[in-house]
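# Examination of the molecular architecture
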Amino acid sequence: MKATKKQQKEIQDLLSTITNSLRAFSLKLTGNMNDAEDLYQDTALRIMTNAEKYNPGTNFKAWAVTIMRNIFINNYRKKVRRNLIIDQTPNNYYINSGNKTVLNDGENEVTFNELQELVDRLPDDFRVPFLMAYQGYKYDEIAEQLGSPLGTIKSRIFFARKKLQKMYEEAMRERIVA
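Everything quoted here is computed from the prediction, not taken from an experiment. In every chain, residue numbers begin from 1 and rise along the written sequence. Given that this is a predicted model, residues contribute local features only at a pLDDT of at least 70 and side-chain atom pairs are listed and counted only at 80 or more, while totals for whole chains, interfaces and linings are drawn from all residues. For side-chain calculations, the full set of non-hydrogen atoms in the structure is used, while hydrogens and water are omitted.

So, about the overall build of the protein. Looking only at helices and strands, the protein features nine helices and zero strands. Per the convention used, a helix needs a DSSP run of H or I reaching at least four residues, while a strand needs a run of E reaching at least two, with both numbered from the N terminus. Moving toward the C terminus, one meets the helices and strands of the protein in the order α-α-α-α-α-α-α-α-α. Type-normalised accessible area, obtained with a 1.4 Å probe on protein chains alone, sets the label of each residue: buried when under 20%, exposed when over 50%, and partly exposed for intermediate values. Taken across its 178 residues, the protein has 23% of its residues classed as buried. Accessible surface for the protein amounts to roughly 13700 Å². Of this, 52% is attributable to carbon and sulfur atoms. Surface accessibility in these figures is a Shrake-Rupley result with a 1.4 Å probe; residues are shielded only by whichever protein chains are displayed.

Here it is as structure tokens:
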């Protein structure tokens, strides 16, 4: 059943009283003005086309906000589905067969041996707990094996990472200058 002209006019009047609230809510949902305006217009259109479904005497603003929220959620789900790539080929052939190759000199810049040399230059108090953590030991296991308090082990590993980071940065600066 379609809304009468009188119902349409009442809905338009009610909509005009909450327009600012709906626009603010749409901006909160979308995060940008253009999408917020689109969401507001979609909501206003949906409200007008479904005017006969509104029950006079009930909370119009709550009804309108529910419509807006549902439109936003549906649009979000459509967007997620549109960006989802489903590849049912063996070994994800289409996903893994991109024709763009990214050149990366990472393998040439720093080798594992160079990193190992930096670790070897750490003082034993820092190197041993760091290597144990690297090998997968938990902090409490390291503390137990080394006979040190847990807090000491955590701080030594933290400071070992900081020292390695500093040593690495210095090595890279030397490499750039050389």
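The subject of this paragraph is the packing of helix α6 (residues 112–120) against helix α7 (residues 124–134). Axes are the key here: two packed helices are described by the angle between their axes and the distance separating the axes. The contact between α6 and α7 brings their axes to 10 Å, and the two run at 140°. The angle between α6 and α7 falls in the class oblique. The residues of α7 that touch α6, namely those facing Phe112, Val119 and Asp120, are Arg127, Phe130, Leu131 and Tyr134. Here the residues of the contact of α6 with α7 sort into five nonpolar, no polar and two charged. A fitted line through C-alpha atoms represents every axis, and for helices the fit uses only the stretch in contact; the resulting angles, taken between N-to-C directions, go from 0 to 180 degrees. Under this scheme an angle from 65 to 115 degrees is roughly perpendicular, one under 35 degrees roughly parallel, and one over 145 degrees roughly antiparallel; angles in between are oblique. In what follows, a contact means two residues having at least one pair of non-hydrogen atoms within 4.5 Å. Following the grouping adopted for this structure description, the nonpolar residues are Ala, Val, Leu, Ile, Met, Phe, Trp, Tyr, Cys and Pro, the charged ones are Asp, Glu, Lys and Arg, and the polar ones are all others, Gly among them.

Our focus in this paragraph is the pattern of salt bridges. Pairing between side chains of opposite charge can happen when their charged atoms approach one another. The salt bridge definition used is simple: a Lys or Arg side-chain nitrogen within 4 Å of an Asp or Glu carboxyl oxygen. Overall, the coordinates contain three salt bridges when judged by the stated rule. Lys9 is the partner of Asp13 in a salt bridge, and the nearest nitrogen-oxygen pair spans 3.1 Å. A residue pair is termed a helical-turn pair when its members lie 3 or 4 positions apart in one helix, as Asp13 and Lys9 do in helix α1 (residues 5–30) at four residues. Taking relative accessible area as the criterion, Lys9 reaches 47% and is therefore assigned partly exposed. Linking Arg127 and Asp124 is a salt bridge whose minimum nitrogen-to-oxygen distance equals 2.2 Å.

A few words on the packing of α6 against helix α9 (residues 150–177). At a closest axis distance of 10 Å, the pairing of α6 and α9 adopts a crossing angle of 130°. Taken together, the axes of α6 and α9 lie oblique to each other. As α6 runs across α9, the sense of the crossing is right-handed. Counting all contacts with α6, which are made through Glu114, Leu115, Leu118 and Val119, the residues of α9 involved are Leu164, Met167, Tyr168 and Arg175. The class makeup of the residues in the contact of α6 with α9 is six nonpolar, no polar and two charged. Less than a right angle of anticlockwise turn of the near helix away from the far helix marks a crossing as left-handed, whereas a clockwise turn marks it as right-handed.

Within the fold, Ser148 resides in the loop between α8 (139–146) and α9. Judged by its relative accessible area of 19%, Ser148 is buried.

Let us look at the packing of aromatic side chains. Under the pairing criterion, centres of Phe, Tyr and Trp rings, with the six-membered ring standing for Trp, must be within 6.5 Å; the plane angle then separates stacked pairs below 30 degrees from edge-to-face pairs above 60, leaving the rest tilted. Throughout the structure, instances matching the rule amount to four aromatic pairs. Geometrically, the ring pair formed by Tyr54 and Trp63 is tilted, given 5.3 Å between the ring centres and 45° between the ring planes. Accessibility expressed as a relative area gives 9% for Tyr54, which makes it buried. Ring geometry for Phe60 against Trp63: centres 5.8 Å apart, planes inclined by 45°, an arrangement best described as tilted. Taken together, the positions of Phe60 and Trp63, both in helix α3 (residues 60–83) and three residues apart, correspond to about one turn of that helix. The structure contains a cluster of three or more aromatic residues connected by ring pairs, namely Tyr54, Phe60 and Trp63. In this analysis the charged atom, NZ for Lys or CZ for Arg, is taken to sit over a ring once it is within 6 Å of the ring centre and within 35 degrees of the ring normal. Here the basic side chain of Arg23 rests over the ring of Tyr40, its NZ or CZ set 4.1 Å away from the ring centre. The ring of Phe126 has Lys163 sitting right over it, with the charged end atom 4.8 Å from the ring centre.

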